[in-house]
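Read off the chains here:
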Amino acid sequence: KISPFKHQNLFFSYLDYGDLISVYTTDSRPLSSINNTDEIFLLTGIANSEPLISKLKEFASGISHHQYPDHHPFSTKNIAKLASAYARAKSAVKFIITTEKDAQRLLIPELKELLADLPVYYLPVMAKIHVPDEAWFNKIINNYVTKH
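In this report, the structure presented in the accompanying data block is examined.

So, how was this worked out
- Residues numbered from 1 in each chain as written.
- Predicted model: local features only at pLDDT ≥ 70, side-chain atom pairs only at ≥ 80, totals over all residues.
- Heavy atoms only, no water.
- Core = buried A, V, L, I, M, F, W, Y, C linked by side-chain atoms within 4.5 Å.
- Buried < 20%, exposed > 50% of the residue type's maximum accessible area, 1.4 Å probe, protein only.
- Helix = DSSP H or I, 4+ residues; strand = E, 2+ residues; numbered from the N terminus.
- Phe/Tyr/Trp six-rings, centres within 6.5 Å; stacked < 30°, edge-to-face > 60°.
- Salt bridge = Lys/Arg side-chain N within 4 Å of Asp/Glu carboxyl O.

Topic: the nonpolar core
With 19 residues, the main nonpolar core has L106 and L115 as its most contacted residues. For this core, the element with the highest residue contribution is helix α2 (residues 76-88), accounting for five residues. Counting residues in each nonpolar core, the second largest holds 15 residues, with I40, L42, I97 and Y121 among its members.

Remarks on the packing of aromatic side chains
Within the structure shown, the criterion is met by four aromatic pairs. For the pair F95 and Y121, a centre-to-centre distance of 6.0 Å together with 65 degrees between the ring planes defines the contact as edge-to-face. Linking F95 in strand β6 (residues 94-99) with Y121 in strand β7 (residues 120-123), this pair joins segments that are 26 residues apart in sequence. Residue F95 shares its accessibility class with Y121, and that shared class is buried.

What to know about the pattern of salt bridges
Evaluation of the coordinates by the stated rule reveals four salt bridges. E58 is the salt-bridge partner of K55, the closest N and O atoms lying 3.4 Å from each other. A residue is classified by how much of its surface remains accessible, and E58, at 54% relative accessible area, is exposed. Close ionic contact of D70 with K101 constitutes a salt bridge, the shortest N to O distance being 2.7 Å. In this pair, D70 sits in the loop between β5 (62-67) and α2 while K101 sits in helix α3 (residues 100-105), placing the two residues 31 residues apart along the sequence. With relative accessibility at 34%, the residue K101 sits in the partly exposed group.

As C-alpha cells, this is what we get:
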C-alpha cells in the first residue's frame, strides 16, 4: 500500500537491543544472561514501552513495570517506591532495568543515592535497516553527507 515516488526509496527497519549497561558502575552483561527465574523491575518514562517489554519477556517472565508518562522527571518518591519493591522481592536474582533515555534522569544525586547499591542497568536500543537494503541505505546517507 506504500507507493513512494520514483525519487523516493523505501527501507524497512527494526529495533536491535544491545547488552545491559550499568547506570552507576562500569559493569555490563549480555541480555541473554537473564533467565526465566530472574526478576526484572522495569522503570520507564517513555511513550511506548511495549517493544521493550516484549523483548524482556523473551528472557524473564517476572517483570514488575514501574511506568510513568513520557519525559517524566522521576521524583525521590518514585524511585523510593521502586527501591522498596526491589527490596521486598524474594527472587534470588533481580535487576532494575531502564531505557538509555531514562537512565540519564537517574544521575541526579538524590536519585542516585537511593539506587547506587542496586543493580541498575539500561538497555540500549538502535534502529537498524534490514540487511538486504542496509548497504544501499548507507550509500544514500554517505552521498548526502558528502554533498552537503
